[in-house]
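Observations on the model geometry
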Amino acid sequence: MMTLQASCRSGHYVTAVMPVIDTPNRSEYQVLVFRQGHEVYQQTERSLEDAIRTASAYLDWQNEQDFDS
C-alpha cells in the first residue's frame, strides 16, 4: 500500500493506493481518498502508475479548488 497526504484549507487529505488484483495477467489498484477520516473518493485503475497519477491529481485538484474559493 502507498499513501499520499496533503493539507488544504478545506482539510487534511490522505490517499491510499492498494492492489486489489495482482496476478501475472491482470493488475488493478484501488485509489481511496479520505478527508479528515471520511472517504470522499474511490476509483479503480489498471496500473500502479495510473493509480498514483489519479491520487496525485485528486490532491492537486482539491488544492486548486481551495484557492479558487
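Preceding this paragraph is the structure being described.
As a starting point, this report considers the structure included with it. Please read these numbers as outputs of a predicted model, since none were measured by experiment. (Residues numbered from 1 in each chain as written. Predicted model: local features only at pLDDT ≥ 70, side-chain atom pairs only at ≥ 80, totals over all residues. Heavy atoms only, no water.)

In this structure the tally under the stated criterion is three aromatic pairs. Seen from their ring centres, Tyr13 and Tyr58 are 6.4 Å apart, and the 55° between their planes marks the pair as tilted. Of this pair, Tyr13 sits in strand β2 (residues 11-22) while Tyr58 sits in helix α1 (residues 48-68), placing them 45 residues apart in sequence. No difference in accessibility class separates Tyr13 from Tyr58, as the two residues are buried. Grouped by ring-pair contacts, the aromatic residues Tyr13, Tyr41, Tyr58 and Trp61 constitute a single cluster. (Phe/Tyr/Trp six-rings, centres within 6.5 Å; stacked < 30°, edge-to-face > 60°. Helix = DSSP H or I, 4+ residues; strand = E, 2+ residues; numbered from the N terminus. Buried < 20%, exposed > 50% of the residue type's maximum accessible area, 1.4 Å probe, protein only.)

Attention now goes to unusual backbone geometry. Phi is positive for Gln36, which is not a glycine, with a value near 50°. Looking at the secondary structure, you find Gln36 in the loop between β3 (27-35) and β4 (38-45).

With that out of the way, let us pick up the pattern of salt bridges. Counted under the stated rule, the structure contains two salt bridges. Across the pair Arg53 and Asp50 runs a salt bridge whose closest N-O atoms are separated by 2.8 Å. Here Arg53 pairs with Asp50, and both are found in helix α1, just three residues apart, close to one helical turn. (Salt bridge = Lys/Arg side-chain N within 4 Å of Asp/Glu carboxyl O.)

Let us look at the nonpolar core. Core analysis: the largest hydrophobic core is formed by six residues, namely Ala6, Cys8, Tyr13, Val33, Tyr58 and Leu59. Sequence-distant contacts of Cys8, that is, excluding residues within four places in its chain, are made with Tyr13, Gln62, Asn63 and Asp66. Residues Val17, Val31, Ala51 and Ala55 belong to the second largest nonpolar core, which totals five residues. (Core = buried A, V, L, I, M, F, W, Y, C linked by side-chain atoms within 4.5 Å. Contact = heavy atoms within 4.5 Å.)

Okay, the side chain of Gln30 next. By the secondary structure assignment, Gln30 is in strand β3. Engagement of the side chain of Gln30 in a polar contact is seen with the side chain of Thr44, the distance being 3.2 Å. (Polar contact = N/O pair within 3.5 Å; in protein donor to acceptor, adjacent residues only side chain to side chain.)

Attention now moves to the environment of Thr3. By the element assignment, Thr3 lies in strand β1 (residues 2-8). Take Thr3: its relative accessible area is 43%, and that puts it in the partly exposed class. Aside from chain neighbours lying at most four places away, what touches Thr3 is Thr15 and Ala16.

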